[in-house]
Amino acid sequence: MTGPDHASQPTTSKDATPDRPDVVLAGHNALLRELLLALSVGFTLPGPLPDDLETRDGLEDAVAAGKEAGLLSPDGTVVGTVQYALLNNAPKPQVRALQRELVGKILQEETGLGDVARELARSGLQDPRVAEELERWADLVLDADPQLAADLFAEALLAGAPELPTAARRAQAAAAIGDLDAAGRIVDRLLAMPDAPGLRLGADVAAAVWAHRGMLARSADTYRWVGPDRIDDSAPLAAVAMIGAGDATGAGQILGATPLAGSPTLLAVALTLTQQGLRHTLGREPQRALPELIRASDMMNAAGASIPLPETPAALAALCAIHSGEPAVADTVLSAALAAGQGGDACRPRLFLLQAWCSMQQDNPEEARLAINEAVKANHWPLAPRDTFLLAALEVALARRGSEVHELVLAWDRAREAMMHVSVDLFSLLPWGELAIAAARLRETRRISPSMDSAWELLGRLGNPPLWSVPLHWAGVQAALLGESPAELAPHAAALVRASEHSHLASVLAAGGKAWVSVLASRFEASDVETAARGLAAVGMPWEGARLAGHAAAHADERRDMVRLLACARDIHPQGATTTTGTTAGSSERAEAAGRQDPGAPLPDAGEAPGIPDSSGLSVREREVGRLLLEGKTYREIGEAIYISPRTAEHHVARMRRRLGAENRSELLVRLRLALGEGYPPP
């Protein structure tokens, strides 16, 4: 088939890509130009093509000419430079008309527009059919892929979709990917309108945004504003927010006024179990709560829905486990939730930070820092205020346990700023307790007193539930010991004893607090201290247990008690032999002030096999003592770090001087730096 003009038209070598395709096209017939424009818009070969092209003679010859001229690739698509020139030089009305005809052709075949709709919207075409297709697609992927949903909703707006009908869903997508500011702006406009579409979902998003901002009380206020007559299936979420803000009565009322959800879907079951488990944490049988919250997290993982949540079931289960003395269980729940993507990208940082808390509490600082790094890079947005506060408390906790005073001061300064951006709620008591201990150590208690008063007031409104209040009382005991304030210690110790009836963790902590008091008073039995220390380790607090045993060893009157307690400390805190750690209530500063010389001759390390010297001539233990000596530690601080007596540390240093041939301390430090290699600081 030969077109009427084809024989007289010049050709362009297919090996030469035109730099000015508009000039080259001017030399070709009108049929080829129309075909190339249609293909550039989105039509494909062999079809469908626009109606006025499908019936034209010479179409096959035009295609062949286009390929011969290098304007069409072998698969029939237009070369990129040619497509760009055509779409930019052709009259816009002609391009839009072709695009609308393309939409009609595709829909006639009863196939979805798919990616064509996205390309058309981005090109500037406004067509209700394109907008509807994009909105339908966004709704399908909203729970599973909120980032894609956010992009599709944005493209639907470009295609001319009205903003209001999809506002709540657009806000949900923005919140799920961590863009809290965008989500907040959308729902602010939505909730300010009378009879706004998607009101309940908009309220869920607003409540989730407030929670991420560390203002859970505002989340509860949002649900109160919605009211029980409009809250429907969001009642479990409202209950979580209200309980977290200290209003268990309001949570019960809104649950009682709301009928049960219709179909028992995975998501509905997950939300129901979440509120039931959380309510059980407030009772006198909190052991019933953890299994329900774990099952809720399992169901949420299976559902794969990234709905807006004031708190994820996994986070609540982890908090319940940590508050129950089972951080290992918490870590397992969090790992499963992270693998399933529970809560979407917005919730990933918090899950990682809670995982870091579990590692920190179990005295695995390296694992904690790895989890912190994962939290910081979990999504494209900066950490929300709630997560920034938790991170700041973690850094304080790690610095305090590392006995690095300079790092602790820096971490405390960052935490002071972070705490100004959030308010106290039930789900943030752990970091507040840690900051209270650090504040006592740094003599900064006045800066945190208002927040601690709010924490105790919140617990009071909830009836002082043992599960939530016990760890905070333990923090109060440690803070009082650091502040040398028996008057402030007594109420917390009494509360732990009372809670022992309902909480195993409380009984362990009560024994630990009693042992600390006896050690600081130098009136203790080694067996009682060892029992208390091992009890602390059994509930996921090996660092606290080792500190108690190590401090007691430094104050033991009998040699055998010292050896026993040092062995206990090393047994429950084995990495203490290779990691520099600090003290809880018995800080190195306090030990120096209250300590005394150990009686008798230098003690060997209890239970330690003789060290085998390496090429430096130093044993493993001597190398460890040498590292601590280069860090500027005193004999007592070296002993507390690796659970040996100060006299034993001094004995190691004397041996190192002989082995390295050092005449004095300065020469010893120089030779130690050479023996231990690069990376060790000057004294």
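Residues numbered from 1 in each chain as written. Predicted model: local features only at pLDDT ≥ 70, side-chain atom pairs only at ≥ 80, totals over all residues. Heavy atoms only, no water.

Trainee: I would appreciate a short explanation of the overall build of the chain in the present structure.
Mentor: Regarding its fold elements, the chain presents 37 helices and zero strands. Classification of the 683 residues of the chain by burial places 54% in the buried group. A total of about 29,100 Å² of accessible surface is found on the chain, and carbon and sulfur atoms cover 53% of it. (Helix = DSSP H or I, 4+ residues; strand = E, 2+ residues; numbered from the N terminus. Buried < 20%, exposed > 50% of the residue type's maximum accessible area, 1.4 Å probe, protein only. Areas by Shrake-Rupley, 256 points an atom, 1.4 Å probe, with all protein chains shown as cover.)

Trainee: Can you help me understand the environment of A317 in this one?
Mentor: Along the chain, A317 turns up in helix α19 (residues 313–323). Since its relative accessible area comes to 1%, A317 is described here as buried. Distance from A317 to V333, taken between C-alpha atoms, is 7.3 Å for residues 16 residues apart in sequence. Leaving out residues up to four positions away in the same chain, A317 has contacts with L290, L293, I294 and V333. (Contact = heavy atoms within 4.5 Å.)

Trainee: Can you walk me through the packing of aromatic side chains in this structure?
Mentor: Where two aromatic rings form a pair, the distance of their centres and the angle of their planes describe that pair. Scanning the entire structure with this criterion turns up two aromatic pairs. A centroid spacing of 4.6 Å and a plane angle of 40 degrees characterise the contact between F389 and W432, whose relative ring orientation is tilted. Placement of F389 in helix α23 (residues 385–401) and of W432 in helix α25 (residues 429–441) is noted, with a sequence separation of 43 residues between them. The exposure class of F389 is buried, given its relative accessible area of 3%. Of the residues examined, W432 reaches a relative accessible area of 0% and is grouped as buried. The ring of W225 carries the charged tip of R230 above its face, separated from the ring centre by 5.3 Å. Here the guanidinium or amino end of R401 rests over the ring plane of W543, the centre of that ring lying 4.9 Å away. (Phe/Tyr/Trp six-rings, centres within 6.5 Å; stacked < 30°, edge-to-face > 60°. Lys NZ or Arg CZ within 6 Å of the ring centre and 35° of its normal.)

Trainee: Just to check I follow, could you spell out the nonpolar core for this structure?
Mentor: If you look at the biggest cluster of nonpolar residues, it comprises 95 residues, and the most contacted ones within it are L426, F427, W432, L435 and W468. Top element by residues in this core is α23. It accounts for 10 residues. Among all residues touching W432, those that are not within four sequence positions of it are F389, M419, V422, S423, V424, I448, S451 and M452. In this structure, L32, L49, L72 and L98 belong to the second largest nonpolar core, which totals 44 residues. (Core = buried A, V, L, I, M, F, W, Y, C linked by side-chain atoms within 4.5 Å.)

Trainee: I'm lost on helix α18 (residues 289–303) in this one. Help?
Mentor: Three- or four-residue spacings in an α-helix give side chains the same orientation, since the helix completes a turn every 3.6 residues. Over its 15 residues, α18 runs 21 Å from end to end, which matches the ideal 21 Å to within 8%, given 1.5 Å per residue. Among the residues making up α18, those that are buried are A289, L290, E292, L293, A296, S297, M300 and N301. Of the surrounding secondary structure, the elements contacted by the buried residues of α18 are α17 (266–280), α19 and α20 (327–340). Positive phi shows up at G304, right after α18, with a value of about 65 degrees. (Expected span 1.5 Å × (residues − 1).)

Trainee: What's the story with the pattern of salt bridges in this structure? I'm lost.
Mentor: Pairs can form between side chains of opposite charge whenever their charged atoms are close. A complete count under the given rule lists 31 salt bridges for this structure. A salt bridge links R122 to E155; the nearest nitrogen and oxygen atoms lie 2.8 Å apart. Of this pair, R122 sits in helix α7 (residues 115–122) while E155 sits in helix α9 (residues 146–158); the two residues are 33 residues apart in sequence, bridging distant segments of the chain. The shortest N-O distance in the salt bridge between E311 and R386 comes to 3.8 Å. One end of the pair, E311, is in the loop between α18 and α19; the other, R386, is in helix α23, and 75 residues separate them in sequence. Connected through salt bridges with shared partners, the residues R218, D221, R224 and D247 form a single ionic network. (Salt bridge = Lys/Arg side-chain N within 4 Å of Asp/Glu carboxyl O.)

Trainee: Could you clarify how one ought to interpret helix α27 (residues 466–482) in this entry?
Mentor: With 17 residues, α27 extends 24 Å from end C-alpha to end C-alpha; this agrees with the ideal 24 Å at 1.5 Å per step. Following α27 by one or two positions, E484 has its phi on the positive side, about 50 degrees.

Trainee: I would appreciate a short explanation of the environment of E640 in the present structure.
Mentor: Residue position: E640 is located in helix α35 (residues 635–642). Taking the relative accessible area as the measure of exposure, E640 reaches 9% and is therefore buried. For the pair E640 and R547, spaced 93 residues apart in sequence, the C-alpha separation works out to 8.0 Å.

Keep in mind these values describe shape, not function.
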